[in-house]
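Structural overview
Chain by chain, the residues:
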Amino acid sequence: MLPLKEKDRPIVKKLLEAGCCARCVLRFCCLGVQSAYRQSYEDTARELCAFVSDPENNGSQDAAVLEQHTEDPPSKKIKMDAAETDVQSEGDSAVVPTVMEEGDAEPADSDVCVVCLGVLQQFCDEAYAIKISEVVKAKNYQFDTMVLSVSLPAQLSVREHSCWLHVKKEVREKSMCLDMDDVIQVKEAFKWTMQGLVSKELGGIPVVTKISRQTEQFEVGVGFTHPETDSDCHFLAVICSDCFRPTKNKQFIVPQQNVFTRMAVVKALEKVSDEKFLKKFPCPPTRPASKCIAQDVQCLHVSVFVAGRYNKFSRTLPQTPWVIDGERRMESSVEELIAAPLLSSFRAEGFNFSSSGREDVDVRTLGNGRPFALELLNPHRARFNKAEVRQLQETINQSSDKIRVRDLQIVSRDAMGHMKEGEEDKTKSYTALIWTQKAINKDDITFLEETKELKLAQKTPLRVLHRRPLAVRERVIHTMSTCFLDAHHFHLKLRTQAGTYIKEFVHGDFGRTKPNLCDLLKTETDILELDVESVDVDWPPSIPE
């Protein structure tokens, strides 16, 4: 039996008269017993009918009811004679909810709840749980636990506020220490009702409110809309216009359809006085012309992050797709060569690539490689053991001779931050092939090895000015060493602060980098080849071969 008390009786009666459904009545009685919402709608409606129709029998048994509320729901053979009898109380007649027998068609729209607009009536049953589970099964996700989320029309907050004002007087007269915040939310009642049903249809997989391990979170979202949202909420836009943002640079007249979000409506209701609200919106709410419309069930698995280090051996391979004016310049890229096998194996719908810096298309990355991370969006498979990850690494390496990946591993979102931490304080090492206009000998370049902690002022290079803001950046070249080749060529090894533009240091970029190698050697210089030898970021952790 429902754990209702004598003081709830006038509230229940008032809500039923107003057109609330059985589960909304329980919500406004602040009933937080989840099992009460899980019993069938028909049984709940019958018990409420009996509760308001038989004050002697129910009113004197509050304690017994409380002791029995966790037992099995009452038999469906309960007679409805009491529900058909007019009950006089303070001159009013009790109105009871329409009770459906098993096998009956859906209730007519005239019986739709004035508060939840049918969500807790017609979408909290086994049939809707089957629909949800069929969508989940068809998507073929890998998961052990599922989060069920729900999105509701904004006007439910308006109608709930109206209904609360309707019963507020009864609450005060009974000296009940209740507030609007004590009313059980529609979302909560929906989840309490549906979680067990959906779990059953999915073979017992737990359906919960939230998962502690974010890396395994799988969410199934159900949403509802209603054609009367704008008409129910429009008065708020008139009396509390500052809560609804108008179209940019246009005077506020009538809000657009998507302006009536739940957050905006709740914010407006907090600002509007009860007196002003009652002048603009009926209390209790009027019967809706139709019930809510269920939207497509949406499935989403939290992103999985894969990290590692890559080497790039080609001087004709960009790090990311190279597209100019909508035209692709090169057929592949580092990120695509790495991502393709991962997208296929994780059955992800997309990815985001990031790395510790980037090299130009004509620059190789050697040594231990450059740290990178890939966010795999909405993966249908999320769990791989170490052997499977190692096989993925081999698959990437065998797919092309232009790149090689090492230390591939699954990491957390938080661990991604290590790649960017103190990025400008890290060091990077390079080897450059230098050309000089003036003929040189070995002694002409040895002084570079004695130059330590050389401070540069680098104005944003002309070649990247189209995508980076104009600024002067201070960078440091920690050490340099040389290897003489011939009268016009030598190798220059540099260890620099991360973010240093090496090419611009060599040729000067028309004087935008000061000092530069031209200044130091007192001749025109240019860079013919550049290799990244090391990126000194101690992440991700090294994995033994």
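Everything that follows concerns the structure shown earlier in this document.
First things first, this report covers the structure right here in the doc. Remember, it's a predicted structure, so these values are computed and weren't measured experimentally. (Residues numbered from 1 in each chain as written. Predicted model: local features only at pLDDT ≥ 70, side-chain atom pairs only at ≥ 80, totals over all residues. Heavy atoms only, no water.)

The subject of this paragraph is the overall build of the chain. In terms of regular secondary structure, the chain is built from 18 helices and 19 strands. When the 545 residues of the chain are sorted by exposure, 48% land in the buried category. Pairs at least 24 apart in sequence give 79% of the contacts found in the chain among residues at least 6 apart. Approximately 27,300 Å² of the chain is accessible, and the part contributed by carbon and sulfur atoms is 49%. (Helix = DSSP H or I, 4+ residues; strand = E, 2+ residues; numbered from the N terminus. Buried < 20%, exposed > 50% of the residue type's maximum accessible area, 1.4 Å probe, protein only. Contact = heavy atoms within 4.5 Å. Areas by Shrake-Rupley, 256 points an atom, 1.4 Å probe, with all protein chains shown as cover.)

Together, Asp179, Asp181, Asp182 and Glu270 line one region of the surface with negative charge. Note that Asp182 resides in the loop between α9 (155-173) and α10 (186-201). Look at Asp182 and you get partly exposed, because its relative accessible area is 34%. (Patch = residues over 30% accessible without salt bridge, like charges linked within 9 Å, V, L, I, M, F, W, Y side chains within 5 Å. Salt bridge = Lys/Arg side-chain N within 4 Å of Asp/Glu carboxyl O. Lys, Arg positive; Asp, Glu negative; His and termini not counted. Charge placed at Lys NZ, Arg CZ, Asp CG, Glu CD.)

Here the focus is the layout of surface pockets. Empty space within the largest pocket amounts to approximately 1,000 Å³. If you trace the largest pocket, you find 35 residues lining it, with Arg358, Glu359, Asp360, Arg467 and Arg468 closest to the centre. Counting only elements with at least two residues in the lining of the largest pocket, the list comes to β9 (323-324), β12 (363-377), β14 (427-436), β16 (472-486), α17 (502-507) and β19 (525-535). Across the lining of the largest pocket, the residue classes break down as 14 nonpolar, seven polar and 14 charged. (1 Å grid on protein atoms, 1.4 Å probe; cavity = no way out; pocket = protein on both sides within 12 Å on 5 of 7 lines; lining within 4 Å. Points joined across faces, edges and corners; volume = space filled by probe spheres on them. Nonpolar A, V, L, I, M, F, W, Y, C, P; charged D, E, K, R; others polar.)

The next thing to look at is the pairing of β19. Consecutive residues of a regular strand have side chains that alternate between opposite faces of the sheet. Two strands pair when backbone bridges link them, and β12 and β19 are joined in this way by three bridges, in the parallel orientation. If you follow Val363 over to β19, its bridge partner there is Leu530. (Pairing = 2+ DSSP bridges.)

All chains considered together, the criterion is met by zero disulfides. Its sulfur unpaired, Cys292 is 7.5 Å from the next cysteine sulfur, which belongs to Cys116. Its relative accessible area of 3% is what places Cys292 among the buried residues. (Disulfide = S-S within 2.5 Å.)

Without other data, these values stay purely geometric and don't point to any function.
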